[in-house]
Structures are given as C-alpha cells and as structure tokens.
Amino acid sequence: MSTNGNSGGVMLSDAALRLIEDKKVLSRQSMPTKRTPQILETKILPDHERQKILVTGGAGFVGSHLVDKLMIGGHEVIVLDNLFTGSRKNVEHWMHHPNFSLIVHDVTEPIRIEVDQIYHLACPASPPHYQYNPVKTIKTSTIGTLHMLGLAKRVKARILLTSTSEIYGDPMVHPQPESYWGNVNTIGPRACYDEGKRVAETMMYAYRDQNNVDVRVARIFNTFGPRMHPNDGRVVSNFIIQSLQDIDLTIYGDGSQTRSFQYVSDLVRGLYALMNGNYDQPVNLGNPDEYSIKDFAFKIKELTGSKSVIKHLPKTEDDPTQRRPDITTAKRELEWEPKVSVMEGLEQTVTYFQSVLDEAGEIIPTGPGATKPQAQQESNKRPRTSS
C-alpha cells in the first residue's frame, strides 16, 4: 500500500485519496439514475451568493425539475415532501450532493428551518389525487400555506405560491387574464382544490399587506413532461400510456373542451423569473396554444403510431369547457413566454413514459374518479388497481 498524500500530518492510502477525489467530483454534479440518466453539473458559488432555498413538494413532478434548476445554479436546496404524490426517485440523483437535503414532512405540520427563499408547491394537483382526500387537500392549501407564510415572516424569506388556473373555474372569459375573478362551484368535486388555492392566494396578500412578507403568486396552467406520475389521471399521461399500450384512448365527454399545455422546462423558467423579479401580483404561466381534447388525442395517437381506438365516456362533473392563458403580464413583467413547442415536449414525454412502461411491464391508466396515488412499480410487476 502506497501513501502518497497526507492530511494534517496523516499519510493517506491511494484508495483514500481516490475516495476524496471521487467525493469532490460528486459534489459538483448529479449521479446518473434510471429516472434522470443525464449528468447535471452544479456551479460553485461563493458563500455570499449561494442561497438556502426550501421547495415544498420538491419530490413531485414540477418540484423536482425546479430542484434541478436550483441545484445546477449552485444553491443549497431543501426539499420538504410527504411523498403522497412525490417520489424519492425524482430527486435520487441529488441524494449524494452536499447542497441537497430531503425532509419527509407534511406541510400541515409546522416546521422551523432557516431559509432565504420558499417555493411552496406542496399539494396534489391532479383531480383523481386531490379528490381522494378532499379535506386533506383543503388543509394542505390552507394550513400548509399558513405554516409556510409564518416561516417566511419569521426568517424574512421571499415566498412563491404555485397557484393554479383552476381558480378561474369554468371560465366565462377567454382567454383568462389575471384580472378575471373566475366562475367556480364552491361545493363541487373540484372545489377542495380550486377554493383551497383561492384562499391560499388571499392569505399570501394578507401576509404581504399586514406583515410585509415578500410574496409571489404563479397561476399555473396545464403542464406536462418527464416525471409526471403515470397514474395521475391527467390528459397527457393517460393518452400517452394508453397509446403506448394500444388500449382505448378514453375521452370524457365529446372532446370539444379545450386545454393549453406547456412543457415543464418552460414553467420552471417562469417560476424562477417570478421569484427573482420585482413583480408581486399574480402571474399566469402557461402556453397559449390551445387544443380540443379530441384533437390532442389524435395527435398523441399519431405521434406514438398507436393502434388505440378513441372511446367516449360520460363527461366528468364541473370539467371546464375551455382553458387558455393570457400571458401578457408574464411577457411584460418577466420577459417570459414558452420556448418549447407542444410537439417537441410530447416527444420527450413519450420517450420518458416508454421507459417507465418498460420498467413496470404494464401501467393501468387512472380514471376520473377519486383515487390514491399508486406506488410506481418495479419491472414486470403489475400495478394494483384502485378499489
């Protein structure tokens, strides 16, 4: 055994020196995983520039992509997630990194921590998942937001709330500007999410006006991309999973209802720009390209070369007839607009879901009814259906 180095007068073996060098390399990049095979390099920031940033819901679909951007930027990132819809797999490529930490915790319970910024994403976002436990969904949006605002007040951190286009309900104004107050059924099946987010926005501005908390509010429209939960029951994930397995593409209603879909990288750029800009009013973040659900189903069927047959089922209650963002404010205040086309994004997302399907062996799509998120399965294991 050779002893070529020393540390504090102690001679180190070649193996120890290699271990130190490997650790240094790993502190500057992500670790390739099945979910995130590419290597993401991280900046080395001086202490006075590096921020400590909390991301609630950071192990989820959108949250994990935001974590990637913050880690690449050289910041210290703390993910707070109860893993109800999130997954360790979404952030496992950062688990080794000294700037990253994961705290398994529910935002409906208080937590004391020192941070500079808070991205508050925690809340199930797909109808089947947020309807599974509507009381808990309301608590997450209200009590959870209250706890995060209290934390922001105590440590003087800026806080960004990810609100939703759902606060517009079934809109009577099209496209929807931030000035539109919405058309929401307060007692319908979607109300636990819609009204929870509306109250969360109210609390954000109450804390701003009464306690001088620095707030930001993003109203997010339909978003898709890699790391979407395969059983979230949303349009993009269901259509792709069904197409890849050549099973019926299920449309609820006649398919004339419209949606606008943005790729996740565009959303993350928007969230980052909003957090680090000076504008503190609500901002729509979405892609104005609008598709009918029926046309969107045909696009995915064509893209995947699927033999699936389109099947119409009864329309779900309170399903909005149209949804399209007016992004004038985002363009003016953030200099932001989508860069990734829907078709470009779909190609990336289809590739991702094919890899998930190859690992799982089979994925059974989620219907419109309330259901608990299914754990993502290991290879060749059939996922259990909801009871």
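Analysis parameters
- Residues numbered from 1 in each chain as written.
- Predicted model: local features only at pLDDT ≥ 70, side-chain atom pairs only at ≥ 80, totals over all residues.
- Heavy atoms only, no water.
- pLDDT = per-residue confidence, 0-100.
- Contact = heavy atoms within 4.5 Å.
- Helix = DSSP H or I, 4+ residues; strand = E, 2+ residues; numbered from the N terminus.
- Expected span 1.5 Å × (residues − 1).
- Buried < 20%, exposed > 50% of the residue type's maximum accessible area, 1.4 Å probe, protein only.
- Core = buried A, V, L, I, M, F, W, Y, C linked by side-chain atoms within 4.5 Å.
- Arc of directions from axis to C-beta.
- Pairing = 2+ DSSP bridges.
- Axes fitted to C-alpha atoms, helices over the stretch in contact; angles between N-to-C directions.
- Parallel < 35°, antiparallel > 145°, perpendicular 65-115°, else oblique.
- Left-handed = near helix turned anticlockwise from the far one by under 90°.
- Nonpolar A, V, L, I, M, F, W, Y, C, P; charged D, E, K, R; others polar.
- Salt bridge = Lys/Arg side-chain N within 4 Å of Asp/Glu carboxyl O.
- Phe/Tyr/Trp six-rings, centres within 6.5 Å; stacked < 30°, edge-to-face > 60°.
- Polar contact = N/O pair within 3.5 Å; in protein donor to acceptor, adjacent residues only side chain to side chain.

(A) Representation of the confidence of the model for the protein chain within the structure. The predicted model of the protein chain averages 91 in pLDDT, with 92% of residues at 70 or higher. In this model residues 378-387 is a low-confidence stretch, pLDDT under 50, and it forms 21 contacts with partners more than four residues away in sequence or in other chains.

(B) Up close: helix 7 (residues 264-275). The end-to-end C-alpha distance of helix 7 is 17 Å, a good match for the 16 Å that twelve residues give at a rise of 1.5 Å each. Three or more residues of helix 7 are buried, namely Val264, Asp266, Leu267, Val268, Gly270, Leu271, Leu274 and Met275.

(C) Representation of the nonpolar core. Judged by nonpolar contacts, the single largest core of 58 residues is most densely connected at Val55, Tyr119, Leu271, Leu285 and Phe296. Excluding anything up to four places from it in sequence, Phe296 contacts Val235, Val236, Phe239, Phe261, Tyr291, Val342 and Leu346. In this structure, Ile118, Val155, Ala157 and Val217 belong to the second largest nonpolar core, which totals 25 residues.

(D) Representation of helix 8 (residues 293-304) in the model. The terminal C-alpha atoms of helix 8 lie 17 Å apart, and with twelve residues this matches the ideal 16 Å at 1.5 Å per residue to within 8%. Those residues of helix 8 that sit buried are Ile293, Phe296, Ala297 and Ile300. Down the axis of helix 8, the sector holding all buried residues measures 105 degrees, keeping them to one side. Residues of helix 8 that are buried in the fold lie against helix 6 (235-244), strand 10 (249-252), strand 11 (258-260), strand 14 (290-292), strand 15 (310-313) and helix 10 (342-360).

(E) Broad picture of the environment of Leu357. Following the sequence through the fold, Leu357 ends up in helix 10. Taking the C-alpha atoms as reference points, Leu357 and Gln245, separated by 112 residues in sequence, lie 8.8 Å from one another. Not counting residues up to four positions away in its chain, the partners in contact with Leu357 are Leu244, Gln245, Glu362 and Ile363.

(F) Region of interest: the environment of Leu346. Residue placement: Leu346 occurs in helix 10. On the accessibility criterion, Leu346 (0% relative accessible area) is buried. Spatially, the C-alpha atoms of Leu346 and Tyr263 are 8.2 Å apart, while their sequence positions differ by 83 residues. Look past the residues within four positions of Leu346 in its chain and what remains in contact with it is Phe224, Val236, Ile240, Phe296, Ile300 and Leu303.

(G) Representation of the sheet that holds strand 6 (residues 117-120) in the model. The parallel open sheet is built from seven strands, whose spatial order is 5-4-3-6-7-8-13. Two strands in the sheet have a free side with no partner beyond their single neighbour: strand 5 (100-104) and strand 13 (283-285). Sheet twist, expressed as the mean angle between neighbouring strand axes with direction ignored, is 20 degrees. For strand 3 (residues 52-56) and strand 6, the ladder comprises four bridges, and the chain directions are parallel. Counterpart to Thr56 in the pairing with strand 6 is His120. Along the sheet, helix 2 (residues 61-72) contacts strand 3, strand 4 (76-81), strand 5 and strand 6; its crossing angle with strand 3, the most-contacted strand, is approximately 170 degrees.

(H) A look at the packing of helix 6 against helix 8. Contact geometry of helix 6 with helix 8 gives a least axis separation of 9 Å together with a crossing angle of 40 degrees. With respect to helix 8, the axis of helix 6 lies oblique. Crossing of helix 6 against helix 8: the hand is right-handed. Within the contact between the two elements, helix 6 uses Val235, Val236, Phe239, Ile240, Ser243 and Leu244 and helix 8 uses Ile293, Phe296, Ala297, Ile300, Lys301 and Thr304. Split into classes, the residues belonging to the contact of helix 6 with helix 8 amount to nine nonpolar, two polar and one charged.

(I) Summary view of the pattern of salt bridges. Under the criterion given, the structure shown has 19 salt bridges. Where Glu195 meets Arg198, a salt bridge forms, and the shortest distance between an N and an O atom there is 3.6 Å. Here Glu195 and its partner Arg198 are both found in helix 5 (residues 191-211), three residues apart, which amounts to about one turn of the helix. Overall, Glu195 belongs to the partly exposed group, its relative accessible area being 21%. Measuring nitrogen to oxygen at the nearest pair gives 2.9 Å for the salt bridge that ties Arg216 to Asp214. The buried category is assigned to Arg216, whose relative accessible area is 2%. With a relative accessible area of 30%, Asp214 lands in the partly exposed category. Through salt bridges that share partners, Glu166, Arg190, Arg259, Asp319 and Arg323 make up one connected network.

(J) Main features of the packing of aromatic side chains. Taken as a whole and judged by the stated rule, the model has eight aromatic pairs. Ring geometry for Tyr168 and Tyr180: centres 6.0 Å apart, planes at 25 degrees, overall stacked. With a gap of twelve residues between them, Tyr168 in the loop between strand 7 (158-164) and helix 5 and Tyr180 in the loop between strand 7 and helix 5 connect regions that are remote in the sequence. Pairing Phe224 with Tyr263 gives two aromatic rings, centres 5.7 Å apart and planes at 65 degrees, and the pair type is edge-to-face.

(K) The arrangement of the side chain of Asp319 in detail. In this fold, Asp319 is placed in the loop between strand 15 and helix 9 (328-334). At 3.2 Å, the side chain of Asp319 forms a polar contact with the side chain of Gln257. Among the polar contacts listed, one links the side chain of Asp319 to the side chain of Arg259, at a separation of 2.6 Å. Filtering out sequence-adjacent residues up to four positions away, Asp319 remains in contact with Asp170, Arg190, Tyr252, Gln257 and Arg259.

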